[in-house]
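# Architecture at a glance
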Amino acid sequence: MTSAAPRPEAGPPGPGSGLARPAARPAAGAAVPAVPAATAVRAPTATDRLQRLLALLPYVVTRKVVGLAETAAAFGVSERQLVDDLNMLWCVELRSPDPYCPIDLSYEGGEIVVSEAESMDRPLRLAVDEASALLVALRMLAEMPGLQERSALSRTIAKLEAAAGTAAAPSSQVAVQMDDSAAGTVAAEIAGALAAGRRLHLSYYVPGRDEATERDVDPMRLLVVEGRTYLEAWCRRANALRLFRLDRVLALQVLDLAAEIPPDAEPRDVDKGLFRPSPQDVEIVLELASAGRWVAEYYPCEQVEELEDGMLRVSLRTPDTRWVRRLALRLGEDGRIVSPPELADLAVADAAAALAHYP
Amino acid sequence: MSRRKTERLLSLVVCLLSAGRYLTATQIREAVPGYPDSFDAFKRMFERDKDELRELGIPLETGTNSALDEEAGYRISRQAYVLPDIRLEPDEAAVLGLAARVWRRAELASAAEGALLKLRAAGIDAEETSQPGIEPRLQTGEAAFGPLWEAVRDRRPVTFGYRAAGRSAAQVRHLEPWGVVNRHGRWYVMGQDTDRQQERVFRLSRIDGPVTFTGRPGTVTVPPGADVREAVRDWDAEAPVQQAGLLRVRRGAGHGLRRHAVSAEPDVEPGWDRLQVRFSDSGWFSEQVASFGADVVVIEPPDLRDAVIRRLKGVLA
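Residues numbered from 1 in each chain as written. Chains lettered and ligands numbered in written order. Predicted model: local features only at pLDDT ≥ 70, side-chain atom pairs only at ≥ 80, totals over all residues.

### Digging into the overall build of chain B
Across its full length, chain B holds 11 helices and 12 strands. What you see for chain B is a C-alpha radius of gyration of 30 Å, clearly larger than the 20 Å of a compact globule of 317 residues, by over 25%. Here the C-alpha coordinates of chain B stretch approximately 100 × 50 × 40 Å along the principal axes. Here chain B holds 317 residues, and the buried ones make up 39% of them. (Helix = DSSP H or I, 4+ residues; strand = E, 2+ residues; numbered from the N terminus. Rg over C-alpha atoms; globule rule 2.2 N^0.38 Å. Buried ≥ 20, exposed ≤ 12 C-beta atoms within 10 Å, placed from the backbone.)

Listed below in structure tokens is the structure:
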């Protein structure tokens, strides 16, 4: 089997091209250097690389001259990988009717210049998935409370729809709606405090304890996760980072004080889930009848087991068991606490105390 | 092998884009290095290559240059290939960067990255940070999201096992999907249930097992006017019938109810308040009231009072 012929020495030299011969190729079958991308979930395929190669020439052409390091960062690859990509492009040779090399480029001195890109000077149009991913996200942002760039959003959506053409159509079959009708002004005030780096005073409702709490917090960021908006902030009462659900903020005041977030405060990785159980947590086991099955979908359960009589057994961990007692009252006969038994006894006592009000 | 394949596919795209006319399979084989010598082996490899290019969205067309040509050829029309000009202002590029991060680690993350790559190639510098400190995310933890989005995108009917609310056994359902909807963080698919001949909505987390395509792409017709974005708005627009209720609430407790109360005034009994409330669903509201235990007592209406007593007795049972 013949591999692509090495580029002939007699190929058209680009103007001022001081391109060295491409680096020696890895032997056939040698592993391609892994791309250190945090989002990579599978090994890159030949077509993944082809997509990058097709974008690389126009990226350089539209910028005329661009640095190797900057380009490698934009494409999320190492400089070594980028140089390998450039060599591959430079080596493209068509054999018929006459042998010729359609692409000429140089990366001498760390600056990439493309002197001949043939018809490869423009990127490929957007695929349906690509257009949909961006348009759905942009439309979601347009509904997000507190975001100050409404006009930029609608302009970007219009331009992207125009550029994507027919590929934009299926994105209208995806809708995202957030649960934040009440959080609009709160989000806008928090966004303002974030931009100005100011401390906030929060009156915050903690439903698990049925408490209205008062505290000063230093805002770090607004998160939208699972359809809800949260403030991540350094709580000066707990001296720890805390998440506050915006729809539970009872009142808020932007203070005339600068926010001070300890430099070692580590924001949580929201992509790993908002609630991380810790080994010190209490393990709760519940049994749920049909009408109580929503619990398994609503709370992050560690185990969900179907029982023979149509009941569902779930287990979860929590640092604070007060909300579980309240959940037991809410469930009534639709569910019960199996473990820990002391907690089950407390829930029964709660119900008896409540019933005493109804003679 | 993968490197040679990349080189071959790249040469093939360059060849077809720069030819500007239809090339026959034989002409392509002569021009593009990397194909095997045997014609049959070439044909098989070329067929696979064509499929892969089309999957990338490269518009590979089949046709002839003139009516006299007997053999059909292939071309990539530059006009169909190139992304039309797009220029973004700095604030627009910033929101685009923010949008691209919304899917991070979710189903369409690599599609968003791919789109950003092309837009960067078109000269746009999408900023990684826009308004400081805002991180919106869309998650697709439900395994059914991928196949259902494909089905919606490609207009294909599907079948899946579904565990309806309050049921423990899954039933087989058949659906012509019209759209997917994320409402308050949870994904739903809507469409025509072909067993029931009715429009239905299914929650993705209740889909049990795999989603299977039951028809070819393009065989689902979305009725005109079936707009999922509108439909979702309608879910909220339904004005529920409101009932009035009167509660006794211990002072310093029942904040979840106080927040939405119409009015609150001190009760005759010291340490207690009287709250006037409105609610639409007495079943759901009775659960909420019961969760406050001995801190909240229903005065009226009687059906709410009875529902709360029933719930509390259920705990004792």
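### A closer look at the interface of chain A and chain B
When the parts of a complex come together, some accessible area is lost, and that lost area is often taken as the interface size. With 112 residues of chain A at the contact, the number on the chain B side is 105 residues. Top contributing element to the side of chain A that touches chain B by residue count: helix H1 (residues 46-63) of chain A, with 13 residues. Looking at the side of chain A that touches chain B, its residues break down into 64 nonpolar, 21 polar and 27 charged. Relative to strand E3 (residues 134-136) of chain B, strand E6 (residues 211-225) of chain A runs parallel, the two being bridged by 3 bridges. Looking at the pairing, A:Leu223 lines up with B:Glu135 of E3(B). (Contact = placed C-beta atoms within 7 Å. Nonpolar A, V, L, I, M, F, W, Y, C, P; charged D, E, K, R; others polar. Pairing = 2+ DSSP bridges.)

### Some remarks on the domain arrangement of chain B
Splitting chain B by domain gives domain 1 (2-81), domain 2 (85-139), domain 3 (145-237) and domain 4 (243-316). Using only C-alpha atoms to locate each centre, domain 2 of chain B and domain 3 of chain B end up separated by 28 Å. (Domains from an automatic or database assignment.)

### Here's the deal with the sheet that holds strand E12 (residues 296-300) of chain B
Residue and element names in this part refer to chain B. One open sheet holds the 4 strands; their spatial order is E10-E11-E9-E12, and the pairing between them is antiparallel. Looking at strand neighbours, the two that pair on one side only are strand E10 (263-266) and E12, the edges of this open sheet. The mean angle between the axes of side-by-side strands here comes to 25 degrees, regardless of whether they run parallel or antiparallel. Pairing of E10 with strand E11 (residues 272-279), which is carried by 4 bridges, proceeds in the antiparallel orientation. Counterpart to Glu265 in the pairing with E11 is Arg274. Contacting strand E9 (243-250) and E12, helix H11 (residues 302-316) runs over the sheet at an angle of about 145 degrees to E12. (Axes fitted to C-alpha atoms, helices over the stretch in contact; angles between N-to-C directions.)

### What about helix H6 (residues 109-121) of chain B?
Its 13 residues give H6(B) an end-to-end C-alpha distance of 18 Å, which sits within 8% of 18 Å, the value for a rise of 1.5 Å per residue. Those residues of H6(B) lying buried are B:Ala109, B:Ala111, B:Ala112, B:Glu113, B:Gly114, B:Ala115, B:Leu116, B:Leu117, B:Lys118, B:Leu119, B:Arg120 and B:Ala121. Here the buried face of H6(B) lies against H1, helix H2 (68-75) and helix H4 (128-142) of chain A together with helix H5 (90-100) of chain B. (Expected span 1.5 Å × (residues − 1).)

### Remarks on the nonpolar core
Generally speaking, a soluble globular protein has its nonpolar side chains buried in company with each other. If you look at the biggest cluster of nonpolar residues, it comprises 140 residues, and the most contacted ones within it are A:Leu134, A:Ala137, B:Val13, B:Ala112 and B:Leu148. When neighbours within four sequence positions are excluded, A:Leu134 is seen to be in contact with A:Leu160, B:Leu96, B:Ala99, B:Ala100, B:Ala112 and B:Ala115. Grouped together as the second largest cluster of nonpolar side chains are 32 residues, A:Val324, A:Leu331, A:Ala351 and B:Phe292 included. (Core = buried A, V, L, I, M, F, W, Y, C linked by C-beta atoms within 7 Å.)

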